[in-house]
Each structure stands twice: as structure tokens, then as C-alpha cells.
Amino acid sequence: MLVEIRWHGRGGQGGVTSAELLAKAAYLDGYKGVQAFPFFGAERRGAPVKAFTRISDREINVRCQIYEPDIVAVLDPDIIDLIDVCEGLKDDGIVIVNTPKAPSELDLRGHVYTFDGTGIALRHGLLVAGLPVVNTTMLGAFARATGLVKLETVQRVIMEKWPGKVGERNAEGAKEAYDSCTDQG
Amino acid sequence: MTVVERVPTDKVVVEGMTGDAAIAHALKQCDIDVLAAYPITPQTIIVEDFQKFVANGEVKTRVIPVESEHSAMSACVGASAVGARVATATASAGLALMWEILYCAASMRMPIVLAVANRALSAPINIHNDWSDSYGARDSGFIQIYCQSCQEAYDTVIMAFKIAEDHDVLLPVMVCIDGFILSHNVERVEMLPTEAVQQFLGVRKPAIALDPDNPVTMGPLALTDYYFEFKEQQDRAMARVPEVFERVESEFEKMTGRRYGRFETYRVEDADIIIFTHSTPGGTAKAVVDALRERGEKVGVVRLRMFRPFPAEALREVLRNAKAVAVFEKCRSFGAPSNPLALEVRTALYDLDERPLVTDFVIGLGGRDVPPSTIVEGVEKTKEYLKAGRAPLYETLGVRK
């Protein structure tokens, strides 16, 4: 089994960190093979960026970008208007979008889940330089939508990455995203 | 010979880390005395992480933040001459600027470990991966080992010191990882307990060390009288590397259960076509072979690890029964009839009465992604050339023409 995940966000939103934290959660949950890597270009704050995660029950040999993902995670809904986030998505693929909208309000291919990560981030004070950061909420939503990793494991890697109050707030945000993430409506 | 015991599983720490971080952690556990380096992407994390270990008091290493890579390798040579365990890291233009001193390090028989995050050379400026930098240094006298995974990078750095410092060798080692593709890729890495690494390596025992009380001269002038003899000795040391490598890997295997060899073979036993490459494309090639085997195609992979010294004789035995060897390499040697990796393979096979057809595909320059489809395209072309009975000396794949 090999699951390929592509992350879409903007520079500074924490997409690369999401990809890495998911990989860590995956090996803690017993997957033998994990990879997490960013697509580096002329990356800068605010520009659309991509990152990738692979998860497998075996050692992963393939080492290239992901062209036909099983799962697409979109941290910034406005990116949907700029690029085709579903490009190459497998027919039974999952799309997880940070947006207050319902899945049916988005014109996207695949099994769509949504959650209001930005709203959750604002409520829990998940801010960097005054702006909401949604990467940890995305991990909670990811755990719910895919069932690939446990919420507890996601919270654990978040707490290890940011020990103390910051980690606690992010872990709470991940839980709220887990609880509210939906494919209905 | 050190007595090595298997490290119990509960003493192994599993961490998610990038290739660069894995190398930094290995350097920390190898208890190096001196690290002299100048930052350059995509190697920078190695030195950044290591500086954190120093700042936190986790290591006693003296870090020398020099003003250039030329100075970095010069400082490494000086420190190594005193008897210190020494490392540095670089990439691309940084390696190019080290050039002059690479030859000094090797000829003066300094067992320095140099981590290279392989990156393209300018111009145009490019921060991404190909192998032009370390291929260019292939004649410098460094041992060169290329890694496919973060675990392998970690393990190889540890073994590199033991190989380099062996008195039958006393040569510097480049441990190469693909820039960004591995250097910035987080993977699961099993880390050994520091005591196990230090017991495995021991303290460096220099053959000769600079000592004010017993002065010696190192790297002196040698002209027509003795220069050639220095080179003869250096060449013999290189020839002894395989034996020492084998010994070190066997000990490492006792400790960890892991061994990699000078090259890895994958499903080659009955293969008509053998894909020959190294580093991260070696991994992708294995995935391609799995897919092609399911379609009944007889293909396999030889993933090279040790480019210098090149294991020509051992490879000849593995490759000789294939109908074709398809070489994939991330370098163009401009003006050459083919390219560095294929040249080695062709030389290794030349003396056979009947030898496989060799195809040479230049891929991935400047970080151009190498998906499975690029490898498949090369295999398909190789099949066509087998039918035709001849192949071009090289061609490029995955580029607009």
C-alpha cells in the first residue's frame, strides 16, 4: 500500500511543516515508509507552494514528485481559482479544503471534505505575524477525512514540535478541525 | 579490530529527519573534533544543525566558520594533520571552490569526511540536484559514496570515518546525497545510541601527526624526483579501499543488521536489461522494475554506491549476462563521447568477449524531476536499440529539444 498526498498552500502558511508532521505521525502510527518533501522553487511568502507526503506499510523506493495523488490537501481556498489543485487526482481520490463553505459549494472533483481551518485558527490564537496559520488544523481534518493517522498521534507530533502553550493551542485546534471536518452538504 | 555487538532495538531512537539532519546527527555521534564549513544550499542544514549541537553543549567540536569553501577544506587539512577527526559539507559552487584543496587533502592522506548535497553548477544559477559537482571531483583522490535514503546517509557517514581513518587507506571520503530530493526530504531514520557509534569508531589514531615536539613536514615540494612515488602510494591506498570497506561494513552489519555493499543489486538474476544508476534515481528505478516485472519484463537494477574507487571487476560479473545495461546519470560531460557513469561501465565491460549493449541517458540536470516515466522511456529505447543491434553513445531524456 502506498498513499501519495499533495499539499497546496501559500508560502508562510505552513504547508511544508504539515507534510513533515504528517510523515512523523505516520511512522509513529506504524507505517514503515514515509517521505515528506517540499517543491522548492522561487518560494516566498504568499506565493502558491506545493509539498508532498508519501506513506506506505513498506520501505518507499520511488523518489520523485507526485503527479497522481490519492489525497490533495488545500490550505488556502483561493488557490483553487489560480491552479488546478485536482490535477492528476486519482478517480477515488480525496480532497480536503480549508474553507467555511460546504463541499457542494466547491466545484472540485473527488471526495471533497471541508473544514473552517481559518476560523478555528483565529479562535485558538494560532497566529504568526498576526496572520492565522492553518497547518495544524489541516492535520486534524486530514486524520478525520482519511483515517490514515490517529488524531492523538497528530496532537502528539504537534506538541513535540511546539512544546508548551503554543503546542496545546494547536493541538486543540487540530481536534476542533477533526470534529468539524465534513463531506456533507 | 573492535568488538562490535548488536544494538538492542529498545536503544534505537526513531526520528523523522531530512537527509541533511541525518548527516548532522551522524557527525554529532561520530564525536568529530573540528568542523570547518561555509554555508551553501542545499547543504546548509547540516552545518546549521551541527552549530545548534555546539551551542547547546551537546558536542565539544571546534567549529570554524571560515570565509570560503577553499578555506574550509584548508582548515580541515590543517586540523586533520594534527590528528583530529574532521568533517565539512558543501555543494555545487562550494565544491568547485574547494577544488585545489581537495587534491591536497587526498594526496596528504587526510581522512576527512566531506558531505556533499549534490547540486548543479552555474550558469544559469540553479540550486537543484544533479551530479556535475562531485563527478567533476572524481579524479581528486576522494573516495565517493552516493546514498539513496536518509538512513543510508546516516549510516554511511558513520562508516566513512572508519574507512577513511584506517591506516591501510588514509583517504578522504565524500558522502553524497541528492540535493533537495534527499537533503530536504523527511524520512524515518533509526539512530544508534551515541555510545555504540563511538565504540564502533574509537578515537582516531593518526599514522603521523603534526607535533611541535616531533616536527615533520607534510605535503612538501616533490618534483621530478619523488612526486610520482607519492601518486603511486596514493593509488595503492585507493586500491585497498574495497577490502577495508568490506571489513567496516561487516562490523556495521553486526551492530545494526544493515549493510549496503559497494553497489546494490535488485532483481537482476535473470534480467535482460539492467538499469544502472545511483542515488535517488536508484530508488525510482526499483519501483519501475517492480512495475515492469509485473508485466513480465525481465529487468533489474544495479544501484551503484561507491563511484570511487569504481568496483569495475565486481560489476562486470553482475552485468555480463544481461543483454543491455541502461545507464541513467545526472551529468553531461561536454564534448565527451559519453558521460562519467557510462564511461566507467563501458570500461568495466570492454574486456569481455561478449558484452552487453550499453545505453547512456542523461537525465535530471538542474533538478528536472525524474519520474518513473523517464526511466521507462530509457528502458523502451534500450529495447529498440537491442533490436537494431546498436545504440547512440548517449542521449538526453526529459528535456525540451
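Right, let's walk through the structure included here.

Some points on the overall build of chain B
Moving on, step 1. Looking only at helices and strands, chain B features 13 helices and 15 strands.
Moving on, step 2. For chain B, whose C-alpha radius of gyration is 21 Å, the value lies close to the compact-globule estimate of 21 Å for 401 residues.
Moving on, step 3. Each principal axis of the C-alpha distribution contributes one length, and for chain B these read about 70 × 60 × 45 Å.
Moving on, step 4. Once local pairs closer than 6 in sequence are excluded, the contacts in chain B between residues at least 24 apart make up 80%.
Moving on, step 5. Put simply, chain B shows about 16700 Å² of open surface, and 52% of that area lies on carbon and sulfur atoms.

Thoughts on the interface of chain A and chain B
Moving on, step 1. The interface is formed by 17 residues belonging to chain A together with 23 residues belonging to chain B.
Moving on, step 2. Both faces considered, chain A and chain B share a buried interface measuring about 1800 Å² in area, 53% of it formed by carbon and sulfur atoms.
Moving on, step 3. For the pair chain A and chain B, the number of links is one salt bridge.
Moving on, step 4. Linking R63 of chain A and E187 of chain B is a salt bridge whose minimum nitrogen-to-oxygen distance equals 2.4 Å.
Moving on, step 5. At the level of elements, α1 (15–28) and β2 (33–38) of chain A are the ones that each hand at least two residues to the side of chain A that touches chain B.

Description of helix α8 (residues 227–239) of chain B
All names here are of chain B.
Moving on, step 1. In a regular helix each residue adds 1.5 Å, so 13 residues correspond to 18 Å; α8 covers 19 Å between its end C-alpha atoms and thus fits that length.
Moving on, step 2. For α8, every residue scored as buried is listed here: Q234, A237 and M238. Buried residues of α8, seen end-on, are gathered within an arc of 100° and therefore sit on one face of the element. Facing away from the buried side of α8, by more than 90 degrees, are the exposed residues F228, D235, R236 and A239.
Moving on, step 3. Buried positions along α8 lie against α4 (92–107), β6 (143–146), α9 (241–256) and β12 (306–308).

Let's talk about the sheet that holds strand β5 (residues 94–98) of chain A
Moving on, step 1. The strand order across the open sheet built from eight strands is β6(A)-β5(A)-β4(A)-β1(A)-β3(A)-β2(A)-β8(B)-β1(B), with neighbouring strands paired in mixed fashion. The two strands at the open ends of the sheet, each matched to only one other strand, are β6 (111–115) of chain A together with β1 (13–17) of chain B. This sheet shows a mean twist of 20° between the axes of neighbouring strands, independent of strand direction.
Moving on, step 2. In the packing of helix α6 (residues 150–165) of chain B onto the sheet, the strands contacted are β1 and β8 (186–191) of chain B, and the crossing angle to β8 of chain B comes to about 40°.

Rules of the game
- Residues numbered from 1 in each chain as written.
- Chains lettered and ligands numbered in written order.
- Predicted model: local features only at pLDDT ≥ 70, side-chain atom pairs only at ≥ 80, totals over all residues.
- Heavy atoms only, no water.
- Helix = DSSP H or I, 4+ residues; strand = E, 2+ residues; numbered from the N terminus.
- Rg over C-alpha atoms; globule rule 2.2 N^0.38 Å.
- Contact = heavy atoms within 4.5 Å.
- Areas by Shrake-Rupley, 256 points an atom, 1.4 Å probe, with all protein chains shown as cover.
- Buried area = accessible area lost by both parts, 1.4 Å probe.
- Salt bridge = Lys/Arg side-chain N within 4 Å of Asp/Glu carboxyl O.
- Expected span 1.5 Å × (residues − 1).
- Buried < 20%, exposed > 50% of the residue type's maximum accessible area, 1.4 Å probe, protein only.
- Arc of directions from axis to C-beta.
- Pairing = 2+ DSSP bridges.
- Axes fitted to C-alpha atoms, helices over the stretch in contact; angles between N-to-C directions.

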